[in-house]
Amino acid sequence: MAFKHWPLVRDLRFAQKCGRYLRGARKRRPDLDWDEFRRIARHFKRDDMGSYPERGFLFQLAADTPADAQVVEVGSWMGASTCFLAAGLRGAGARIFAVDNFQGLSTCGEDAAWYNRHFQALGANSTLEIFRANFAALGLSARAEPVVSDSLAAAQSLAAKQGSIDLVFIDGDHSYAACQADIGAWAPFVKRGGVMAFHDFGSRAEGVTRAIFEEIKAGRFAEIVGVAGTIIAFRM
Ligand SMILES: C[S@@+](CC[C@H](N)C(=O)[O-])C[C@H]1O[C@@H](n2cnc3c(N)ncnc32)[C@H](O)[C@@H]1O
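All of these numbers come straight from a predicted model, not from anything done at the bench.

The next subject is the overall build of the protein. The number of helices and strands found in the protein is nine helices and seven strands. A globule of 236 residues ought to have a C-alpha radius of gyration of about 18 Å, and the protein, at 17 Å, matches this closely. In terms of overall dimensions, the protein has a C-alpha envelope of 50 × 40 × 30 Å along the principal axes. Residues classed as buried in the protein amount to 50% of the 236 residues present.

This part takes up the pairing of strand β4 (residues 165-170). Taken across its six residues, β4 has six buried, putting it largely inside the fold. Both β4 and strand β5 (residues 190-198) contribute to a ladder of five bridges, which runs parallel. Within the sheet, the bridge partner assigned to Phe169 lies in β5 and is Ala197.

Right, let's talk about the environment of Glu73 for a bit. Looking at the secondary structure, you find Glu73 in strand β1 (residues 70-74). Since its relative accessible area comes to 0%, Glu73 is described here as buried. Side chain to side chain, Glu73 and Ser76 meet in a polar contact 2.5 Å long.

The next subject is a positive patch on the surface. A cluster of basic side chains, namely Arg13, Lys17, Arg20, Arg23 and Lys27, defines a positive patch on the protein surface. Structurally, Arg20 can be placed in helix α1 (residues 7-28). On the basis of relative accessibility, which here comes to 54%, the residue Arg20 falls in the exposed class.

Definitions and cut-offs
Residues numbered from 1 in each chain as written. Predicted model: local features only at pLDDT ≥ 70, side-chain atom pairs only at ≥ 80, totals over all residues. Heavy atoms only, no water. Helix = DSSP H or I, 4+ residues; strand = E, 2+ residues; numbered from the N terminus. Rg over C-alpha atoms; globule rule 2.2 N^0.38 Å. Buried < 20%, exposed > 50% of the residue type's maximum accessible area, 1.4 Å probe, protein only. Pairing = 2+ DSSP bridges. Polar contact = N/O pair within 3.5 Å; in protein donor to acceptor, adjacent residues only side chain to side chain. Patch = residues over 30% accessible without salt bridge, like charges linked within 9 Å, V, L, I, M, F, W, Y side chains within 5 Å. Areas by Shrake-Rupley, 256 points an atom, 1.4 Å probe, with all protein chains shown as cover. Salt bridge = Lys/Arg side-chain N within 4 Å of Asp/Glu carboxyl O. Lys, Arg positive; Asp, Glu negative; His and termini not counted. Charge placed at Lys NZ, Arg CZ, Asp CG, Glu CD.

Read these as spatial facts, not as claims about activity.
Here you go:
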C-alpha cells in the first residue's frame, strides 16, 4: 500500500487539507453549514474525483438553490459529488436525480482505460450499490434518485421535467461530442435563472472545454456564477 494510503497518513492529510480549505470557506460564506460539508468530506476522504474547492463549490451551489430544489447530476460514479450537492440542499422536497449508467462507460479513451482499471480493482461491474451505500451511510438517501441510464436516454425519459430544474451539474462522458450532446439535452431542463455547472473545464479533457467554449460564444449562458478548480457554473 502506498504511504499516502496508510490510514493514519490519510487522516492527517485530510485534517490538513480540508482544514485549510474550511478556514477560507467559513470566512467567505459564514452563512453555510460547513460542519455538514466536513462530515461529507470525512466520509469521502479517499475520493480522488475532485478537490475540496470543487466539492465546496458544489455544496455552495446547492445551498444557494431555493428550498425543495430539484437538481440533476449527469455522471455520479460512486456518489461523492452527488452527496456534496445533496448535503447543500434544503427542504423535505429537495431531490437530486443522479443520471449514470454506473458502468463507467466512456467514449473518451483515457477515461475508458481508467474505468477499466478501477472496475478490475473493485471486482464489480457497476458502482450503483456503492453509490447507494454512500448515501445511506450519510443519511441522505431520501434526497437521491439514481437514474440508471445513458444520459441522452434519461433526458428523454425525464422530458416532463424540462424547465423545472434549479441546478444541472454535468460530469459524464468527457469527449467533445458527448459533452456537446449533454449540453443540448440538459440545458432545456434548467429553469430561467437556474444554474448549469460543469466539471473539467480547462482540464486535460479538452473536449469538455471546447464544447463549453462554443456554447459561451453562441450565447447559451446568461452569466458566469463562479469558477472553482475545473468547475464552471453559469446562470441560464
Ligand atoms: C468522472 S465520473 C463522475 C464523477 C462524479 N461526478 C464525482 O465527482 O464524484 C463520470 C461518470 O459518468 C458516467 N457516464 C459516462 N458516460 C455516460 C453516459 N453517456 N450516460 C450516463 N453516464 C455516463 C460514468 O459511468 C461515470 O460514473
